[in-house]
Amino acid sequence: MPELYGWEVGIQATSEGISVSIDPAFLIWTYLPENGMTFGNVILAHAPLRENGYRNLLLAHEFTHVKQFQSLGVWIYLVSPFLNIEGGDHELGGWIGLQECTTTTWEPPDEWPALWHFLTLSF
Ligand SMILES: [Zn+2]
């Protein structure tokens, strides 16, 4: 059952109208052979880590991927060799690497325009 990990609402007013963007982040605990994987607004996290001490590090890392996807859209797959999307190795068991990658993973600057939203309503 998906959990709502977090969400953001953005409002943009222009001379042409108002648009409201809604970006929930869904979390699903799975048994995939990865610590975590993120596709758009959906985070798949390795279920045995649910009660693990690194849970918050893992989820913070995966939530960074949600932010990356909002900023880059599907271009994330093309630019990933050029940006530090993963921030290092964080395979199962590589928890020290995960701790390192949360500080080096590419994050979009605040002024970076979002290319993708889960839902946009325009008035
Ligand atoms: Zn990652």
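Given the structure is predicted, the values throughout are model-derived calculations rather than measurements.

Undergrad: Give me helix 1 (residues 55-72): which residues, what numbers.
TA: Between its first and last C-alpha, helix 1 extends 26 Å over 18 residues, near the 26 Å set by a 1.5 Å rise per residue. Every buried residue belonging to helix 1 is among L58, H61, E62, T64, H65, V66, Q68, F69, Q70 and L72, and all of these are buried. Positive phi appears at G73, one or two residues downstream of helix 1, with a value of about 60 degrees.

Undergrad: Hey, could you go over the nonpolar core for me, with residue numbers and the actual values?
TA: The biggest cluster of nonpolar side chains holds nine residues, and these are A25, I43, L44, A45, L58, V66, F69, L72 and I76. Elements supplying a minimum of two residues to this core: strand 4 (42-46) and helix 1. Ranked by residues supplied to this core, first place goes to helix 1 with four residues.

Undergrad: Residues and numbers for the environment of P33, please.
TA: By the secondary structure assignment, P33 is in the loop between strand 2 (17-30) and strand 3 (36-39). The exposure class assigned to P33 is exposed, which follows from the 8 C-beta atoms found within 10 Å. Once the C-alpha coordinates of P33 and H46 are considered, the two residues, 13 residues apart in sequence, prove to be 7.4 Å apart.

Undergrad: An account of the pairing of strand 1 (residues 3-14) is needed here, citing residue identities and associated values.
TA: Along any regular strand, the residues point their side chains to alternate faces of the sheet. Within strand 1, only zero of the twelve residues are buried, which leaves it mostly out in the open. As paired strands, strand 1 and strand 2 are joined by eleven bridges and run antiparallel to one another. Residue pairing in the sheet places Q12 in a bridge with S19 of strand 2. Hairpin connection from strand 1 to strand 2: two residues lie between these consecutive antiparallel strands.

Criteria and cut-off values
Residues numbered from 1 in each chain as written. Predicted model: local features only at pLDDT ≥ 70, side-chain atom pairs only at ≥ 80, totals over all residues. Helix = DSSP H or I, 4+ residues; strand = E, 2+ residues; numbered from the N terminus. Expected span 1.5 Å × (residues − 1). Buried ≥ 20, exposed ≤ 12 C-beta atoms within 10 Å, placed from the backbone. Core = buried A, V, L, I, M, F, W, Y, C linked by C-beta atoms within 7 Å. Pairing = 2+ DSSP bridges.

By themselves, these are just geometric observations and shouldn't be taken as functional.
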